[in-house]
Amino acid sequence: MSTTLLLARHGQTVWHAENRYAGVSDVALTGTGRAQAEALGRWAGAHPVDAIWTSTVSRAIATAEPACRALGLTPYREHALRECDFGVVEGRTLAEFAREDPDAAAAFRADPVAHPFPGAEDPRAAAERGATALRRIAAAHEGGRVLVVAHNTLLRLVLCRLLSIPLPDYRRVFPRLRNAAVTELRLDAGSVGLLSLNVPCEEEAA
């Protein structure tokens, strides 16, 4: 019996405009991010799910709140769905890091898995913890539809892991996940299928 997972990145944050790495930092949603969350809530009202899971980071929790309200669901929270720790680049842009350490930035661009930022979480470990969490969630709601609100880099790594795409290609294959857009996966015993990617809930959520 297949389970449908509807993956959504959290809404826009105050660091989004400058493309700063948030990672484990607790960064609030902007007004636009809150509007994106409301759009996701309206989408959930029109496409009901059986359960809602979020990471334990406040921007993901806040993004899921309108959907929980629309469906009368209490969200489950899963620490394994948190964003990757980006080490020394937390709160900074890649361009800022490149000015400080051009060789390390170039190595990251060439292979972000073999050469993560100094002090950052191993992307392979992040992919495994995220994929394991999604498999566990799917098993807990076998045959159902589940909305999962998490984070950009973690979800891209997890998509690569589940779809057998080489992890070093995550930035190329999935340049970004739109804020509060929905990616649909179908999980059967031993197999995962990608049904849609980056679908906006409403035009303003694109």
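Let us now look at the side chain of Thr153. Tracing the sequence through the fold places Thr153 in helix 6 (residues 152-162). For Thr153, a relative accessible area of 5% gives the class buried.

As a further point, take the pairing of strand 6 (residues 191-199). Note: strand 5 (residues 182-188) against strand 6, six bridges, orientation antiparallel. By the bridge assignment for strand 6, Asp188 is matched with Ser191.

Given a rise of 1.5 Å per residue, 16 residues ought to cover 22 Å, and the 23 Å separating the end C-alpha atoms of helix 1 (residues 31-46) matches this to within 8%. Residues of helix 1 that are buried include every one of Gly33, Gln36, Ala37, Ala39, Leu40, Gly41, Trp43 and Ala44, and no others. As for helix 1, its buried residues are in contact with strand 1 (3-9), helix 2 (58-71), strand 4 (145-150) and strand 5. Two to three positions downstream of the cap, the backbone nitrogen of Thr32 sits 3.3 Å from a side-chain oxygen, assigning the N-cap of helix 1 to Thr30.

Let us now look at empty space enclosed by the protein. Considering all chains together, one arrives at one cavity of 30 Å³ or more under this definition. If you add up the space inside the largest cavity, you get close to 90 Å³. Along its surface, the largest cavity is lined by 13 residues, and Phe86, Pro116, Glu121, Pro123 and Tyr170 are the ones closest to its centre. Tallied by class, the residues present in the lining of the largest cavity amount to ten nonpolar, one polar and two charged.

For the structure shown, the criterion picks out five aromatic pairs. Consider the rings of Tyr21 and Phe117, whose centres lie 5.2 Å apart with planes at 75°: the pair is edge-to-face. Of this pair, Tyr21 sits in the loop between strand 1 and helix 1 while Phe117 is found in the loop between helix 4 (102-110) and helix 5 (123-140), placing the two residues 96 residues apart along the sequence. Exposure remark for Tyr21: the relative accessible area of 16% places this residue in the buried category. When its relative accessible area of 4% is taken as the criterion, Phe117 is described as buried. Here the aromatic rings of Phe97 and Phe117 are separated by 5.4 Å at their centres, their planes lie at 85°, and the arrangement is edge-to-face. With Phe97 in helix 3 (residues 94-100) and Phe117 in the loop between helix 4 and helix 5, this residue pair connects regions lying 20 residues apart in the sequence. In textbook terms, an aromatic cluster arises when at least three aromatic residues are bridged by ring pairs, as seen for Tyr21, Phe86, Phe97, Phe108 and Phe117.

About the criteria used
Residues numbered from 1 in each chain as written. Predicted model: local features only at pLDDT ≥ 70, side-chain atom pairs only at ≥ 80, totals over all residues. Heavy atoms only, no water. Helix = DSSP H or I, 4+ residues; strand = E, 2+ residues; numbered from the N terminus. Buried < 20%, exposed > 50% of the residue type's maximum accessible area, 1.4 Å probe, protein only. Pairing = 2+ DSSP bridges. Expected span 1.5 Å × (residues − 1). Contact = heavy atoms within 4.5 Å. Polar contact = N/O pair within 3.5 Å; in protein donor to acceptor, adjacent residues only side chain to side chain. 1 Å grid on protein atoms, 1.4 Å probe; cavity = no way out; pocket = protein on both sides within 12 Å on 5 of 7 lines; lining within 4 Å. Points joined across faces, edges and corners; volume = space filled by probe spheres on them. Nonpolar A, V, L, I, M, F, W, Y, C, P; charged D, E, K, R; others polar. Phe/Tyr/Trp six-rings, centres within 6.5 Å; stacked < 30°, edge-to-face > 60°.

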